[in-house]
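The lines below spell out each chain.
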Amino acid sequence: MSAVTDTETPLRRGGGLARHFGFWPVVTAIVLVLIVGLLLVPVANIVGVSLSAGAKTGSIFENYVNFFSERFYYQTLINSFWVSIWAMIFAVCLGVPAAYFVNRYEIWGRGFVRAAVVLTFVSPPFIGSYSWVVLFGRSGVLTQFFNSIGVSLPSIYGASGIIFVFTLQFFPFVFLLVSSGLKSIDQSVEDAARNLGSSEFRTFRTAIAPLLVPSITTSALLVFIASFTDLGTPIILGERFRVLPVLIYGEFVNEFGGRPVLASALSVLLLSVTTGALLLQRWLSARFSYATSAIRPLQVQEQPLGKRIAATAFVFLLIGFALLPLVNIVVSSFLQSNGPVLVASFTLDNYARILDRITLPLWNTLFYTTVATMLCAIIGTAIAYIIVRRPGPVSSLLDTVVMFSYAVPGIVLGVGLVVTYHEPPFALTGTAAIIILAYFIRRLPFSVRSSVSMLQQISRDTEDASINLGAGPGRTFAKITVPLLATAILSGALLTWSNTIRELSATLILQSGTTTTVAIEIFNEVVNGNFGLASALGTVLILLTFLPLVVLFTLLGKKEEALV
Amino acid sequence: MASTSVHIDQVTKRYGDSIAVDGVSLDIAKGEFFTLLGSSGCGKTTLLRIIAGFLKQTSGRILFGNSCIDDLAPQHRNTGMVFQSYAIFPHLSVVDNIAYGLRARGLKAAEVKQKVDTYLALTRLSHLGHRKPRELSGGQQQRVVLARAMVIEPDVLLMDEPLSNLDTEMRMHLRTEIRALQRKIGVTTIYVTHDQEEALLMSDRIAVMRGGRLEQVASPHDIYNKPSTRFVASFIGENNFLPAVHRGNAEAGFVRIELPGGQFTAKLRGELPQGALEAAFRPQDIELRPLDGDGDGLVGTLTDIQFLGGTVRYAIDLGGGHLVQVAGASRTGVMLPEIGTRHRLGLSPAAIALFAPEAA
């Protein structure tokens, strides 16, 4: 006889599986099955397929030997490194001073600059690329203008164009991470250096910059990974300059059903590079982290007018270039177009023409994104709880796997899911389910991270109190943990939504005609040269991406650093 | 009332090589206010969390009444716990906080309301029922979690340093309030604190813990006046310690001991420890006498006077590196002695306790 049954008010007990095994063990098992099935098995399958014996030599490494012996193939790897490393260098060179000026100098329009950086950051890269083609392509508006006055501009196509677009697209990583790095440095550090006789630049170089090393290296590697895995931009701008993701896409979807074996080998190569970069990033941040926390963060300094003007000019020039493609999209969506040639007269034609075609892709996009976001919020919060509150081997495995999902590029995940789920009993290719599951697993880290950092700040006592009062683990999670995490869950969901709705590379691999999305439609219109329609669709997509962020920043009071 | 006695039987908790609770056995009577007292890291909170079920003991058993609770999940133990951090549910109103445990037990709304109202009144929170926790003061929040823990009519009320986050005045006030409420409800209470004044004031019995073990379990009066170990003598209240040598027995129950600077008669409390000895005596048990008197007594020089209003503290140097603290009442019209004068220290035999010295 238990003590409890003696009391007048016996405690309720949970039912079903949870009753036999406990609530959290059951949840942990479900989460593990999902993650293993959607991430680890597909990745393992790609590796397995890539190692299937070749026809010529019978060696399991034949695909890799082929790759490294044919210039047509291995040149793409070199090209990928080339554009990604240059984009990384330029993004750091532009992003660090921009962040320093915006956070330390009294430049004008600081709020506008921050909003512009966010807008650039969340806008789909492929929209930026084709917008540059509209402006500076062969028949581009500005190209023709400059030709007419006798100036010939450098080409937007090929390696230089890709580096240019990647730099402008991804420098916000550097800007945002360095900004938050600057906020974690105490003003006393600078004051002490200045007091000891250091000039401003010397202080930055010897006292501030060393503390920013983790922010700079992290953001640099994020720029590198984003550039290395981007598919839309090199397809639109690359022409004969081919990078690895473009090669994978070509091998996978072209030619009579494609060549999944070679595409798998290429995917493994891509994944190795991104995983390596992520491990390097973790090692560097751990190595150079000083775990500072600012009681009084670095303050804005008063500067002589000249410096103020120069800093403002630099920042606005950068922001101007970064925003130009977006402004161009919105403006050109209201212009008459004749294929790739835009005419300077106002019209709503483009919107009228997309109206009848947008219903299905828009519905698909909203549906997939919403379901995936909800899955992320629910499963991500549960994973965060397991990571923070139930430490142990399973918990650290989950933590590692969620981090690993950062490293898996969309195109690799797409290939992996197709390779894994194209046969019964799990024939999911071509269905909405596979796209939703792909979105879910790719964007899971947003929700997990958001809830983890909040959960670490909530005392465990609050949940213990609930358990102590007789509520089981499931009830405690629903009645106490989730309400306390509400803002973190919501902001994680808004970020997930905003990042999912513009997903292109995995969708390109996974979509069939009926499961097309707005991003895919834009991409198709661009490839077909219908810039007017693409612009109208692009404007819609930019709005959908930006709306949740407006909620995030205004209602939830988040800072733009939450994006990275 | 569902309250019960608690029996802790040889409970041990290990973390790898370190031992947090070391073979603790306790019997706590129904309705008793029992305090676990010790400095941080002594194992008192660990023991409390084992009783609540948040930690599982490595070995040993715990019984509520006659039934063993070791295999019960924490939510099924029917204990009410009050946390140091309050652990108030910040998103729920005062009423919903208090009703939480009742609703988890599936009580009907009318019953919930009636019980909640009772406890709102008992903790004088009736006018604040619909406030959110952030609108309450620290003391009010503490009363909410107290009501929340008591309203479920727990077998045992567990309190983990509930007053340590409050300011002094509120702490003083709540001590008496908690004690009065506990008496009225009659719930068995295990109270954890590091504050000896709190423990002495509130408890029926105190267990002094150190390094995971029980040093002494006794009433507040006995803990203070009859410390059974040197540690308890030094931990509770203030004591002077001097090395002592056994110089033979006096009449039955008394021994002669030699302290630096003089011989004394001490009353025996139990067995006399073998080997080296230490004598302990409290500052307020010493009488400062003029040097010309006679009889037992240490002789030393007054080196410092601290005037604290109602009491005066004297530091007496006995020579040889031995310093003794003396506390006396300050009386109107009585002159304080001068620094540098020599005095004789008088001690009654019952005021001296003898211990084996602490191993270093």
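These numbers were taken from a predicted model, which means no experiment stands behind them.

Points about the overall build of chain A
Along the backbone of chain A there are 24 helices and two strands. Computed over its C-alpha atoms, the radius of gyration of chain A comes to 25 Å, within 12% of the 24 Å expected for a compact globule of 564 residues. Counting only C-alpha atoms and orienting by the principal axes, one finds that chain A spans roughly 95 × 70 × 55 Å. Counting contacts in chain A only where the partners sit at least 6 residues apart, residues at least 24 apart contribute 79% of the total.

Overview of the confidence of the model for chain B
Residues at a pLDDT of 70 or more form 98% of chain B, whose mean pLDDT is 90. Reported confidences for the modelled complex are a pTM of 0.81 and an ipTM of 0.83.

With respect to the domain arrangement of chain B
All names here are of chain B. Assigned domains within chain B: domain 1 (6-233) and domain 2 (238-355). For domain 1 and domain 2, the distance between their C-alpha centres works out to 40 Å. Contact residues are listed per partner, giving five residues for domain 1 and six residues for domain 2.

Here's the deal with unusual backbone geometry
Residues other than glycine seldom take positive phi values, yet Arg124(B) does so here, at roughly 55°. Its place among the elements puts Arg124(B) in the loop between helix H3 (109-122) and helix H4 (138-150).

Quick notes on the interface of chain A and chain B
With 24 residues of chain A in contact, the opposing surface of chain B contributes 29 residues. Going through the elements one at a time, helix H1 (3-6), helix H20 (460-468) and helix H21 (473-500) of chain A are the ones with two or more residues in the side of chain A that touches chain B. Top element by residues in the side of chain A that touches chain B is H20(A). It accounts for seven residues.

Concerning the domain arrangement of chain A
All names here are of chain A. Taken domain by domain, chain A consists of domain 1 (17-45 + 347-564) and domain 2 (75-328). Domain 1 puts 32 residues into the contact, and the matching count from domain 2 is 35 residues. At the level of elements, helix H17 (393-407), helix H18 (410-420), helix H22 (505-510), helix H23 (518-527) and helix H24 (531-554) are the ones that each hand at least two residues to the side of domain 1 that touches domain 2. Here the side of domain 1 that touches domain 2 gets eight residues from one element, more than from any other, and that element is H24. Class assignment for the residues of the side of domain 1 that touches domain 2 results in 24 nonpolar, five polar and three charged.

Some points on the sheet that holds strand E14 (residues 277-281) of chain B
Residues and elements named next belong to chain B. What the five strands build is an open sheet, ordered E13-E12-E11-E14-E20; its pairing is antiparallel. Lying at the two open borders of the sheet, with one neighbouring strand each, are strand E13 (262-267) and strand E20 (353-355). If you compare each strand with its neighbour and ignore which way they point, the axes differ by 45° on average. With three bridges joining them, E14 and E20 adopt antiparallel strand pairing. Of the residues in E20, the one forming a bridge with Ala280 is Ala353.

Examining the sheet that holds strand E18 (residues 322-329) of chain B
Residues and elements named next belong to chain B. Strand order in the open sheet made by the five strands is E15-E19-E16-E17-E18, with antiparallel pairing throughout. One side of each edge strand has no neighbouring strand; the edge strands of this open sheet are strand E15 (287-289) and E18. Taking the axes of each pair of neighbouring strands and ignoring which way they run, one obtains an average angle of 45° across the sheet.

Considering the environment of Ser459(A)
Positionally, Ser459(A) belongs in the loop between helix H19 (432-455) and H20. The class for Ser459(A) is partly exposed, based on 14 C-beta atoms found within 10 Å. In this structure, the C-alpha to C-alpha distance between Ser459(A) and Val418(A), residues 41 residues apart in sequence, is 43 Å. The contact partners of Ser459(A), leaving out residues within four places of it in the chain, are Ser85(B) and Ala87(B).

Side note on the confidence of the model for chain A
Residue and element names in this part refer to chain A. Mean pLDDT over chain A stands at 85; residues scoring 70 or higher make up 92%. Ranking the elements of chain A by mean pLDDT puts H1 last with 38 and helix H5 (residues 71-104) first with 93. Throughout residues 1-14 the model reports pLDDT below 50, and contacts reaching past four residues in sequence, or to other chains, amount to 32 contacts.

Quick notes on the pairing of strand E17 (residues 311-319) of chain B
Residues in a regular strand point their side chains to alternate faces of the sheet. Residue and element names in this part refer to chain B. As judged from the six bridges shared by strand E16 (residues 298-307) and E17, these two strands associate in the antiparallel manner. Considered in E17, the bridge of Asp304 is made with Ala315. The hairpin formed by E16 and E17 contains three residues between the paired strands, and Gly309 there has a positive phi angle of roughly 90°. In terms of strand pairing, E17 meets E18 through eight bridges, oriented antiparallel.

A word on the packing of helix H7 (residues 125-136) of chain A against helix H8 (residues 141-148) of chain A
Residues and elements named next belong to chain A. At a closest axis distance of 3 Å, the pairing of H7 and H8 adopts a crossing angle of 25°. It follows from the interaxial angle that H7 and H8 lie roughly parallel. Counted together, Val134, Leu135 and Phe136 of H7 and Val141, Leu142 and Thr143 of H8 form the full contact between these two elements. Here the contact of H7 with H8 is built from residues that sort into five nonpolar, one polar and no charged.

Calculation notes
Residues numbered from 1 in each chain as written. Chains lettered and ligands numbered in written order. Predicted model: local features only at pLDDT ≥ 70, side-chain atom pairs only at ≥ 80, totals over all residues. Helix = DSSP H or I, 4+ residues; strand = E, 2+ residues; numbered from the N terminus. Rg over C-alpha atoms; globule rule 2.2 N^0.38 Å. Contact = placed C-beta atoms within 7 Å. pLDDT = per-residue confidence, 0-100. Domains from an automatic or database assignment. Nonpolar A, V, L, I, M, F, W, Y, C, P; charged D, E, K, R; others polar. Pairing = 2+ DSSP bridges. Axes fitted to C-alpha atoms, helices over the stretch in contact; angles between N-to-C directions. Buried ≥ 20, exposed ≤ 12 C-beta atoms within 10 Å, placed from the backbone. Parallel < 35°, antiparallel > 145°, perpendicular 65-115°, else oblique.

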